[in-house]
Amino acid sequence: MVPEAFVLVAAGGLGAAIGSFLNVCVYRLPRNESLVHPPSACPRCGTPIAWYDNVPVFGWLWLGGKCRSCRAPISAQYPLVEALIAALWVASAWAFGLTWHAAAAAVFGTLLIGITLTDARHYIIPHEFTIGGLVLGLAIAAAQGWSQLIASAIGAGVGFALLISIAWAGEKVFRKEAMGGGDIWMMAMVGAFVGWKGVLLTIFLGALIGTVVFIPLAWLTRHHPHWERTGEVDSGSGMPHVPFGIFLAAGAAAAFLAGDALLAWYWGFVLGG
Ligand SMILES: [Zn+2]
């Protein structure tokens, strides 16, 4: 039996290191840059970042948030993402112990945070997170046995098929691309982690959150044209771009954590139980 304190410290260290790698992914994948080459360097003076300054969270703290050679400020997003992913991995180990379910929670949460960051900033959901995440989800399910693997594969298939149908219907109705390939592969990945019922719940919750957030946002943009910033408003329709992946990510997290309870409540509500 591994002592619990050791598991939590190890989860925190591993999470911080993965958070550091996620920062690299979030910065480089939307720019189609390599993840391994060149090594991290200051964007202003080009000085490579030494390994001792690249320690998650602490590196940024003891540099005072500035480049060691030219004193250019380094975004606080880096240590914040590292701390957030470390906390996520500790919470997963704390809640689910040293289990495959804890691994699924930590990996799935990391992927959803990565998607949220790239979709919010660039309206891009990289295939490395979606197709790469789909492979990870299937692998974690396979480690738990055949029935989990089959449930995971069905979830992925339902997620992919549903989103491709919605994308097709959206193009017919709006005569323009309403949903990108990123959303479609994202829901295949989500299905591999939450199963087919979780996919239905994720789409329902994502649409609900999207409606509550998007309608006021569209209204504000229409009435405050000076708020428009490059790339945030579609030039054709004048409507804001919708980073729908963010709403799906929030729905997917809820479906993973409380899917059974939410579905039970929903069916009780529908059937008047
Ligand atoms: Zn510098």
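Thresholds applied
- Residues numbered from 1 in each chain as written.
- Predicted model: local features only at pLDDT ≥ 70, side-chain atom pairs only at ≥ 80, totals over all residues.
- Helix = DSSP H or I, 4+ residues; strand = E, 2+ residues; numbered from the N terminus.
- Rg over C-alpha atoms; globule rule 2.2 N^0.38 Å.
- Buried ≥ 20, exposed ≤ 12 C-beta atoms within 10 Å, placed from the backbone.
- Contact = placed C-beta atoms within 7 Å.
- Domains from an automatic or database assignment.
- Nonpolar A, V, L, I, M, F, W, Y, C, P; charged D, E, K, R; others polar.
- Axes fitted to C-alpha atoms, helices over the stretch in contact; angles between N-to-C directions.
- Parallel < 35°, antiparallel > 145°, perpendicular 65-115°, else oblique.
- Left-handed = near helix turned anticlockwise from the far one by under 90°.

### Considerations on the overall build of the chain
On a plain count of helices and strands, the chain comes out with eight helices and zero strands. Listed N to C, the secondary structure of the chain is α-α-α-α-α-α-α-α in terms of helices and strands. Here the chain has a C-alpha radius of gyration of 20 Å; the compact-globule value for 273 residues is 19 Å, and the two agree. Each principal axis of the C-alpha atoms in the chain carries an extent, and together these give about 60 × 60 × 30 Å. In the chain, buried positions account for 33% of the 273 residues. In the chain, the share of contacts with a sequence separation of at least 24, taken over all contacts with a separation of at least 6, comes to 68%.

### Topic: the domain arrangement of the chain
Parsing the chain into structural domains produces domain 1 (1-98) and domain 2 (100-273). The distance between the C-alpha centroids of domain 1 and domain 2 comes to 25 Å. Every contact between the two is made by 16 residues of domain 1 and, on the other side, 14 residues of domain 2. A total of seven residues in the side of domain 1 that touches domain 2 trace back to one element, the largest contributor, which is helix H3 (residues 77-96). Of the residues contributing to the side of domain 1 that touches domain 2, the split by class is 13 nonpolar, three polar and no charged.

### Quick word on the packing of helix H5 (residues 127-142) against helix H6 (residues 146-174)
The contact between H5 and H6 brings their axes to 7 Å, and the two run at 155 degrees. The angle between H5 and H6 falls in the class roughly antiparallel. Both H5 and H6 take part in a crossing whose hand is right-handed. The residues of H6 that touch H5, namely those facing Leu134, Gly137, Leu138, Ala141 and Ala142, are Gln148, Leu149, Ser152, Ala153 and Ala156. For the contact of H5 with H6, a count of residues per class yields seven nonpolar, three polar and no charged.

### Some remarks on unusual backbone geometry
That bond from His37 to Pro38 is cis: its omega, -5 degrees, falls within 30 degrees of zero. If you check the backbone angles, Tyr123 has positive phi at about 55 degrees while not being a glycine. Relative to the elements of secondary structure, Tyr123 occurs in the loop between helix H4 (100-122) and H5.

### Section: the environment of Gly195
On the secondary structure map, Gly195 appears in helix H7 (residues 181-223). Using a count of 24 C-beta atoms within 10 Å as the deciding quantity, one classes Gly195 as buried. Separated by 43 residues in sequence, Gly195 and Ser152 have C-alpha atoms that sit 5.5 Å apart. For Gly195, the residues in contact, after removing those within four places along its chain, are Ala151 and Gly155.

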